[in-house]
Amino acid sequence: MGRNLIETVMGAVVLLVAAGFLAFAYSHSNLRSVQGYNLTARFERIDGVNPGTDVRISGIKVGTVVSERLDPERFQAIVTLTIDSSIKLPADTIAEVATEGLLGGRFMALVPGGADEILKPGDEIKYTQSPIDVVQLLGRFIFSMGEASQQKPGAGPQKPAP
């Protein structure tokens, strides 16, 4: 009987410690959604961006991607962002899909412009930049290196003899 009680108490302690770690991790992370106003942006591609993805300015989280949908006429991705109410973005702000590193996750980066006009709730960000496809870029590099190695040495211009 005493052994079962000790095992039960130890199990409860382990569960309490695990719950404490989860609460600490959640409170010190930026997983919470941002309350604010909505903006939309159109992209050719949004690889790696999903609802819940961070929206950042200068690396600081200022919003969240709320939804994404396809424009059936122009076949563009329409992304809805929620931006913190305290952030007032100029009308010439650029939205781009950025990467946290060479193999890191994606996030939406906003680069504020210098316009006097401010984006209002429900406005569309006009200037966007789709993500760079690293695999396609690497393939082009390898292909161009293969072509360069296939050229014959000495096939270039000849130097005149002295």
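A short tour of the structure in this document, coming up. Everything numeric here is computed off the predicted structure, so don't read it as measured data. (Residues numbered from 1 in each chain as written. Predicted model: local features only at pLDDT ≥ 70, side-chain atom pairs only at ≥ 80, totals over all residues. Heavy atoms only, no water.)

1. Observations concerning the environment of Tyr 37
Next, step 1: Within the secondary structure, Tyr 37 sits in strand β1 (residues 36-43).
Next, step 2: On the basis of relative accessibility, which here comes to 9%, the residue Tyr 37 falls in the buried class.
Next, step 3: C-alpha of Tyr 37 to C-alpha of Leu 81: the two residues are 44 residues apart in sequence and 8.1 Å apart in space.
Next, step 4: Residues contacting Tyr 37, with those up to four places away along its chain left out, are Leu 81, Thr 82, Ile 83, Asp 84, Ser 85, Ile 87, Lys 88, Leu 89, Leu 119 and Pro 121.
Next, step 5: Here Ile 87 takes part through its backbone oxygen, which lies 2.7 Å from a polar atom of the side chain of Tyr 37. (Helix = DSSP H or I, 4+ residues; strand = E, 2+ residues; numbered from the N terminus. Buried < 20%, exposed > 50% of the residue type's maximum accessible area, 1.4 Å probe, protein only. Contact = heavy atoms within 4.5 Å. Polar contact = N/O pair within 3.5 Å; in protein donor to acceptor, adjacent residues only side chain to side chain.)

2. Some details on the pairing of strand β4 (residues 77-84)
Next, step 1: Of all 8 residues making up β4, 7 are buried, and the element is well covered by its neighbours.
Next, step 2: In this structure, β1 lies alongside β4, joined through 8 bridges in antiparallel fashion. When the bridges of β4 are listed, Asn 38 appears paired with Thr 82.
Next, step 3: Taken together, the 7 bridges between strand β3 (residues 60-70) and β4 define a ladder with antiparallel strand orientation. Across the sheet, Ser 67 pairs through a bridge with Thr 80, a residue of β4.
Next, step 4: Where β3 folds back on β4, the antiparallel hairpin that results is connected by 6 residues, among which Phe 75 adopts a positive phi of roughly 55°. (Pairing = 2+ DSSP bridges.)

3. Side note on the nonpolar core
Next, step 1: With 21 residues, the main nonpolar core has Leu 81, Met 108 and Leu 110 as its most contacted residues.
Next, step 2: Among the elements of the structure, β1, β2 (54-57), β3, β4, β5 (94-99) and β6 (106-111) are those that each provide at least two residues to this core.
Next, step 3: Not counting residues within four places of it along the chain, the set of residues in contact with Met 108 comprises Phe 43, Val 49, Thr 53, Asp 54, Val 55, Arg 56, Val 65, Val 79, Leu 81, Ala 95, Glu 96 and Val 97. (Core = buried A, V, L, I, M, F, W, Y, C linked by side-chain atoms within 4.5 Å.)

4. Examining the packing of aromatic side chains
Next, step 1: Tallying each qualifying case throughout the model produces 0 aromatic pairs.
Next, step 2: We note Arg 56 situated over the ring of Phe 107; from NZ or CZ to the ring centre the distance is 4.4 Å. (Phe/Tyr/Trp six-rings, centres within 6.5 Å; stacked < 30°, edge-to-face > 60°. Lys NZ or Arg CZ within 6 Å of the ring centre and 35° of its normal.)

5. Some words on the pattern of salt bridges
Next, step 1: Applying the stated criterion across every chain yields a total of 7 salt bridges.
Next, step 2: The salt bridge partner of Arg 42 is Glu 124, with a shortest N-O separation of 3.5 Å. Of this pair, Arg 42 sits in strand β1 while Glu 124 sits in strand β7 (residues 124-125), and the two are 82 residues apart along the sequence.
Next, step 3: The class for Glu 124 is partly exposed, based on a relative accessible area of 27%.
Next, step 4: Its salt-bridge partner being Arg 56, residue Glu 100 comes within 2.7 Å of it at the nearest N-O pair. You can see Glu 100 sitting in the loop between β5 and β6 and its partner Arg 56 sitting in strand β2, a full 44 residues away along the chain.
Next, step 5: Classification of Arg 56 by relative accessible area gives buried; the value is 16%. (Salt bridge = Lys/Arg side-chain N within 4 Å of Asp/Glu carboxyl O.)

6. A short note on the environment of Pro 121
Next, step 1: Tracing the backbone through its elements, the reader meets Pro 121 in the loop between β6 and β7.
Next, step 2: When the C-alpha positions of Pro 121 and Gly 36 are compared, they lie 8.9 Å apart, and in sequence the two are 85 residues distant.
Next, step 3: With near-sequence residues (within four places) excluded, Pro 121 lies in contact with Tyr 37 and Asn 38.

7. Overview of the side chain of Gln 76
Next, step 1: Here Gln 76 lies in the loop between β3 and β4.
Next, step 2: Once you skip the residues sitting within four places of it in the chain, Gln 76 turns out to touch Arg 42, Phe 43, Glu 44, Arg 69, Leu 70 and Asp 71.

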